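# Coordinate inspection notes
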Amino acid sequence: MHYAGLEEAILRCIGACREITQITRTSYGPLAMKKLIVNHIDKMFITNDVSTMLKEIDVNHPAAKLLVMAAKMQKDDFGDLTNYTLTLAGELLGQAETLIKGGLHPSAIITGFELGLEKAVEILNNNVSLRINNLSDKASVAQIMRSALGPKLPSYFEFFGDLVTDACLSILQEQTPRFNSDNIRCIRILGGSLEMSTLVNGFVIARGPENSDLTTLKKVKVAAYSCPFDPQGGETKGTVLIKTADELIKYSNTEEALAERIVKGLSEADVKVVAVGGSISELCLHFLSKYGIFVLKIQSKFELQRLCKAINAIALADLNVPTAEEMGYSDSISVKEIGSTRVTVFEKSDIGSKLCTIVLRGTSNSIMEDAERALENAVSVFKQAINDNRFVAGAGASECYLQNSLELYSSTLTGLEQYSVAAYGQSFENFVRILLENAGMNPNELLPNVLSGNQHQPEFGVDVLNSKLSNSSELGVYENTACKINALKLATHAAVTILRIDQIIVSKPAGGPKPKENKGWDND
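Residues numbered from 1 in each chain as written. Predicted model: local features only at pLDDT ≥ 70, side-chain atom pairs only at ≥ 80, totals over all residues. Heavy atoms only, no water.

## Description of the nonpolar core
Selection criterion: Here, nonpolar core means buried Ala, Val, Leu, Ile, Met, Phe, Trp, Tyr and Cys residues that are tied together by side-chain atoms lying within 4.5 Å of each other. We call a residue buried when its accessible area falls under 20% of the maximum for its residue type, exposed when it is over 50%, and partly exposed in between, using a 1.4 Å probe and counting protein chains only. Under the scheme used here, helices are H or I runs from DSSP no shorter than 4 residues and strands are E runs no shorter than 2 residues, and both carry numbers assigned from the N terminus. Any two residues having at least one pair of non-hydrogen atoms within 4.5 Å are treated as being in contact.
Grouped together as the largest cluster of nonpolar side chains are 71 residues, with contacts concentrated most on Tyr 84, Phe 428 and Leu 499. Take this core: its biggest share by element is 10 residues, from helix α17 (residues 481–499). If near-sequence neighbours (up to four positions away) are discounted, Tyr 84 is found in contact with Tyr 28, Glu 399, Phe 428, Phe 431, Lys 484, Ala 487 and Leu 488. The next biggest cluster of nonpolar side chains, apart from the first, holds 32 residues, and it includes Leu 153, Cys 356, Ala 374 and Ala 385.

Shown next as structure tokens:
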């Protein structure tokens, strides 16, 4: 198939991109609408997280896939403003469609959009509303955390903002501003409400020990095995031919002696805890209990790897006694009960190895999964604050100021690009309109008020939770400057790339002819 020309190529691509952004635009802001998604394996999601929607929605149009890739890149690089990137790209294409139908050539539109992007980046860099110079200041960090969690968890953003702040500050190294987001982990325990979620210092595994009633162990060595803890078990099957009763007794005694030798070697190496990523034979469990070794069975190989990373251990693939370099170390291991679930907590206080776990509670898995995605988003915001401590005003204030500034800038231009620069600025108006619509406010009445309140600097935003307009300093909603600039660049570059397409060529599908459908062959 081959499509060419203005109508068939450019406008067709714009239409496909606008269709996907119409799905996600209502999921912007604290009072965003949620989507119920059922994927190809009938798993249900109820979320307003755009990255989850795009992961589960099957997008076939190649131009729309460009927008999806841009949003995914924003999620991977910064972890925030995914919906912002997608919505802005869709709005830019909508403005471009209007200009194209008005007679403007796509080349003039592309030039104007690139000029608008350059000016918008300059405006954002010159209008920083907040700088966090001390990341150890809990009040400042909590403020940006609440701003990040507000759109995802509007009813619990204050509670989880304080919780994530404590988690991030607990693992932040004081000597150098190093931060490893892998040291913050979330586990989900069904039951209770989200407000019953807690922060536990250490690595938490939602499983108790297999053989011990001990509740606390101090300063212990840990051996980790990624294979089943069974001398007779392995990846391959074997056959033993036994002809006499004496051979059976000898075989049984040999098996017991081998199991005891392995466990005794661990005990002599002063190993107090064994973490196993597979099954554990009853015989080995007996000897492990006899020698007083704490046994923990971990079902997930991924979780075993994270535990090994946390305690600096190496997961062994065979049942040998680990060397000193292969053993892990933990300052404390304790068994606690959360709800009706027993959990095991590994604590380590070394510099660079501080760990913490957020234990999420909830009435359903979908609620806890949504909360976990929001917390991962907030942790990414903290990580970006280490790299760039500048923040601009949120709640629509920066968008209105950008529109006003770009409109003034377009009036200074003399070429055809002035129309596309003005259209680039008008695309930011859509964000304020969405915020007002989702809050149940009248955008036609209040949008001019927000625009007029941000003529000189971004200082007037939309308080969607209280359905009113407020000063930005009172709202306390901020967005990372580097994150926002990156979103602008990705959205603009995606839109410009689509506007450069003048032909769509679709090759024939690979493979031979379709097999014959023998309809009705078994009717007889």
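## Brief notes about the packing of helix α5 (residues 106–126) against helix α13 (residues 417–426)
Threshold: Note on geometry: axes are lines fitted to C-alpha atoms, helical ones only across the stretch in contact, with angles between N-to-C directions running from 0 to 180 degrees. Working rule for angles: under 35 degrees goes down as roughly parallel, over 145 as roughly antiparallel, 65 to 115 as roughly perpendicular, anything else as oblique. The hand of a helix crossing depends on one turn: near helix anticlockwise from the far one by less than a right angle means left-handed, and clockwise means right-handed.
Here α5 crosses α13 at 50°, and the two axes come no closer than 7 Å. Accordingly, the angle class assigned to the pair α5 and α13 is oblique. For the pair α5 and α13, the sense of crossing is right-handed. Listed contacts from α13 to Ala 108, Ile 109, Thr 111, Gly 112, Phe 113, Leu 115, Gly 116, Leu 117 and Ala 120 of α5 are Glu 417, Ser 420, Val 421 and Tyr 424.

## Let's talk about the packing of aromatic side chains
Just so we agree on the cut-off: Any pair of Phe, Tyr and Trp rings, taking the six-membered ring for Trp, is counted once the centres come within 6.5 Å. Such a pair is stacked with planes under 30 degrees apart, edge-to-face with planes over 60 apart, and tilted for the rest.
The tally for this structure, following the rule as stated, stands at 8 aromatic pairs. For the pair Tyr 225 and Phe 229, a centre-to-centre distance of 5.5 Å together with 80° between the ring planes defines the contact as edge-to-face. The exposure class of Tyr 225 is buried, given its relative accessible area of 0%. Judged by centre distance (5.7 Å) and plane angle (75°), the rings of Tyr 424 and Phe 428 are edge-to-face.

## Re the packing of helix α12 (residues 397–411) against α13
Viewed as axis vectors pointing N to C, α12 and α13 meet at an angle of 175°, and their least axial separation amounts to 8 Å. By the angle between their directions, the pair α12 and α13 is classed as roughly antiparallel. Note on element contacts: α13 touches α12 through Gln 418, Val 421, Ala 422, Tyr 424, Gly 425 and Gln 426, opposite Gln 403, Leu 406, Tyr 409 and Ser 410.

## Observations concerning the pattern of salt bridges
Any two side chains of opposite charge can pair, so long as their charged atoms come close to each other. Note the cut-off: Put simply, a salt bridge is a Lys or Arg side-chain nitrogen that is within 4 Å of an Asp or Glu carboxyl oxygen.
In the structure shown here, the tally under the stated rule is 17 salt bridges. Two residues, Glu 210 and Arg 207, come together in a salt bridge whose shortest N-O distance is 3.0 Å. The exposure class of Glu 210 is partly exposed, given its relative accessible area of 32%. Glu 260 is the partner of Lys 290 in a salt bridge, and the nearest nitrogen-oxygen pair spans 3.4 Å. Pair noted here: Lys 290 is in helix α9 (residues 282–290) and Glu 260 is in helix α8 (residues 245–268), with a separation of 30 residues, a long-range link. According to the relative accessible area criterion, Glu 260 is partly exposed, its value standing at 25%.

## Describing the sheet that holds strand β5 (residues 184–190)
Threshold: When DSSP finds at least two bridges between two strands, those strands are taken to pair.
Read from one edge of the open sheet, 3 strands run β5-β13-β6, paired in mixed fashion. One side of each edge strand has no neighbouring strand; the edge strands of this open sheet are β5 and β6 (198–201). Strand after strand, the sheet turns through a mean of 25° between neighbouring axes, direction not considered. Note: β6 against strand β13 (residues 356–362), 4 bridges, orientation antiparallel. Note that in β13 the partner of Thr 198 across the bridge is Val 359. Contacts from helix α11 (residues 365–387) reach β5 and β13 within the one sheet, and its direction differs from that of β5 by about 165°.

## Describing the pairing of strand β8 (residues 216–225)
In regular strands, side chains alternate between the two faces of the sheet. Bridging between β8 and strand β11 (residues 328–338) involves 6 bridges; their strand directions are antiparallel. Paired with Val 222 across the strands is Gly 328, a residue of β11. Direction of pairing for β8 relative to strand β9 (residues 271–276): parallel, over a ladder of 5 bridges. What sits directly across from Ala 223, in β9, is Val 274.

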